[in-house]
Amino acid sequence: MPSAQDILTDLCRLIEPFAEPGRELNEGTELVTDLKLDSVKVMNLMLQIEDHFDISVPLNVLPDIRTIKDLAAQIEALTRAAE
Amino acid sequence: MSLFDKFKPLAERRAALCKFDANPFNVVIERILSPTEAIIDGRHTILAGTNNYLGLTFDPRCIEAAQTALREEGTGTTGSRMANGTYAAHLALEQEFSDFFDCPSAILFSTGYMANLGILSTIAGDDDIILLDADCHASIYDACRMGSAEVIRFRHNDAGDLEKRLRRLGKRATNTLIVVEGIYSMLGDCAPLKEIAAIKQRYSSWLLVDEAHSLGVLGRKGRGLAEAVGVEDQVDFVVGTFSKSLGSIGGFCVSRWPELEQVRYAMRPYIFSASSSPSLIASTCCALKILRDGGELRSRLWENVHRLYEGLQTLGMTLGPEPSPVVAVILEESSEQALALWNRLLHSGIYVNLMLPPATPGGHCLLRCSISAAHTDRQIDAILEAFAKLEISLLREG
């Protein structure tokens, strides 16, 4: 299972193409407010994240995810559950 | 701070679209003339965006059945099916649907939206999973939000992605309801249902097919995609609507499981909605009988589909992946340019649907046509001519 830091690093790399060029990403970055991702972009981003970590992220958890840190925590929990 | 503040972005977007004299928000059918013609803004207009696939809205037999029911049973039932809203005609129409699909159980709903809302929010519970195609209709997404099941989506029409997700679920796959549509409403493409049904069987999952756009359109008897590809015995639930091929308003669910009857008493959208009016039930019942014997109508519909799809292809338009009664012209243009093109079509006397992102696949704007068995060759040619002029305009601007 990847470490929390590995997940965070991978996530920032996956999110980067969805953000404005040069935008600095960190665990406190908010997906909707800071990156202005609309619902469709969030969905497309999720598909890439799911492939990368070989998990399925239920739509039900999306309303609880505001920051990259929130997303990393969900991925960590789902990865652990899949083992 | 006002309760209305959150709607400002929506209002601003709408205002931007209102710069044109017509926009999708202000189209008024001033007079409807037939299944394929209306007066819009004082102009005689060919309707090519109504989902009226078999053109039954003006069928004299359906109108007469509705008029008789209206006279004899009144304008509405004023009650839910669970209270005073079950008339003999509601039960008779449920029996017609059971017979038509050769299923032991059928339930009617007041709209197609309510059918999805009722079934999906209820059938899949706390410990269950709904695995839906990403391009499913809003009613399916809304139903998922209303229910308590875990909701996972798979890439549109990607059976491999579906299987990958079922594999990840392990034993929970047996508690998973896969949800797909026969024909998808935006691009008119069909689900790869044969592959999906085979995967469903391998993982002992459940399968629901929304045949809203394929009822009366696909299959030798018009039962939809599952019939057309020969997998009806592997489909657990079929949901559909009356507001397309059947030319009225309402929805239904049929199942090969007699236990569906137990679900009737647990669905809040069903329990707390007034039942359909007698006239709607009567015209739908008549339309279903016509649909059952509607081989000629279906043939005519598909002739029209090919005439339009191939005509637009010849004009060099980018279209949805396969011919179907939903023919989507995919645009590279911005929303504002797409609106201008849609306006030109309307001014040429052609009404189609304008679909704008983010509600569209791939974030493209669409000029979405829907074809009817009632369209004449001349009308299809007029639609093609209007699109051809559009292309000339585009080239001039280019």
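Residues numbered from 1 in each chain as written. Chains lettered and ligands numbered in written order. Predicted model: local features only at pLDDT ≥ 70, side-chain atom pairs only at ≥ 80, totals over all residues. Heavy atoms only, no water.

Undergrad: Quick question: what am I supposed to make of the overall build of chain B here?
TA: Within chain B one finds 14 helices and 14 strands. By the compact-globule yardstick of 21 Å for 398 residues, chain B fits well, its C-alpha radius of gyration being 21 Å. Dimensions of chain B, computed from C-alpha atoms along their principal axes, come out at roughly 60 × 55 × 55 Å. Each of the 398 residues in chain B was classed as buried or not, and the buried ones make up 56%. A sequence separation of at least 24 residues applies to 67% of the contacts in chain B between residues at least 6 apart. Just so you have it, chain B exposes about 17,100 Å², and 54% of that area is on carbon and sulfur atoms. In chain B, which carries 39 positive and 48 negative side-chain charges, the distance between the mean positions of the two groups comes to 2 Å. (Helix = DSSP H or I, 4+ residues; strand = E, 2+ residues; numbered from the N terminus. Rg over C-alpha atoms; globule rule 2.2 N^0.38 Å. Buried < 20%, exposed > 50% of the residue type's maximum accessible area, 1.4 Å probe, protein only. Contact = heavy atoms within 4.5 Å. Areas by Shrake-Rupley, 256 points an atom, 1.4 Å probe, with all protein chains shown as cover. Lys, Arg positive; Asp, Glu negative; His and termini not counted. Charge placed at Lys NZ, Arg CZ, Asp CG, Glu CD.)

Undergrad: Could you clarify how one ought to interpret the pattern of salt bridges in this entry?
TA: Close approach of charged atoms allows side chains with opposite charge to pair. Tallied over the entire structure, the rule returns 27 salt bridges over all chains. For B:Arg167, the salt bridge goes to A:Asp54, with nearest N and O atoms at 3.9 Å. Placement of the pair is B:Arg167 in helix α6 (residues 159-169) and A:Asp54 in the loop between α2 (39-53) and α3 (68-82), with the two residues belonging to separate chains. Here B:Glu94 makes a salt bridge to B:Arg264, at a shortest N to O gap of 3.1 Å. Placement of B:Glu94 in helix α3 (residues 88-101) and of B:Arg264 in the loop between α9 (260-263) and α10 (268-271) is noted, with a sequence separation of 170 residues between them. Overlapping salt bridges, with partners in common, bring together A:Glu50, A:Asp51, B:Arg155, B:Asp161, B:Lys164 and B:Arg165 in one network. (Salt bridge = Lys/Arg side-chain N within 4 Å of Asp/Glu carboxyl O.)

Undergrad: What am I meant to see in the confidence of the model for chain A here?
TA: Residues at a pLDDT of 70 or more form 100% of chain A, whose mean pLDDT is 88. In the model of chain A, α2(A) stands out as the element of lowest mean pLDDT, 88, in contrast to α3(A), which has the highest, 91. (pLDDT = per-residue confidence, 0-100.)

Undergrad: Please clarify how the pairing of strand β9 (residues 237-241) of chain B should be interpreted in this entry.
TA: Looking down a regular strand, the side chains alternate between one sheet face and the other. Residues and elements named next belong to chain B. In terms of burial, β9 is a largely internal element, 5 of the 5 residues being buried. Pairing between strand β8 (residues 206-210) and β9: 3 bridges, direction parallel. The residue bridging Leu 208 from the neighbouring strand is Phe 237, located in β9. Strand direction decides the pairing type here: β9 and strand β10 (residues 251-255), joined by 5 bridges, are antiparallel. Bridging from a neighbouring strand, Phe 237 pairs with Ser 255 of β10. (Pairing = 2+ DSSP bridges.)

Undergrad: Looking at this structure, how should I read the side chain of B:Glu96?
TA: Residues and elements named next belong to chain B. By the element assignment, Glu 96 lies in helix α3. By relative accessible area, which is 17% here, Glu 96 ends up buried. Leave out the neighbours within four places in its chain, and Glu 96 touches Cys 285, Leu 288, Lys 289 and Arg 292.

Undergrad: What is the right way to look at the interface of chain B and chain A in this model?
TA: By a widely used convention, the size of an interface equals the accessible area lost when the partners come together. At the interface, 13 residues of chain B touch 14 residues of chain A. Seen at the junction of chain B and chain A, the total is 5 salt bridges. The salt bridge involving A:Asp51 is made with B:Lys164; its shortest N-O contact spans 2.9 Å. For the pair chain B and chain A, the interface holds 12 residue pairs in polar contact (both at pLDDT 80 or more). Among the elements that take part in the side of chain B that touches chain A, α6(B) stands out by supplying 5 residues, more than any other. Classifying every residue of the side of chain B that touches chain A gives 5 nonpolar, no polar and 8 charged. (Polar contact = N/O pair within 3.5 Å; in protein donor to acceptor, adjacent residues only side chain to side chain. Nonpolar A, V, L, I, M, F, W, Y, C, P; charged D, E, K, R; others polar.)

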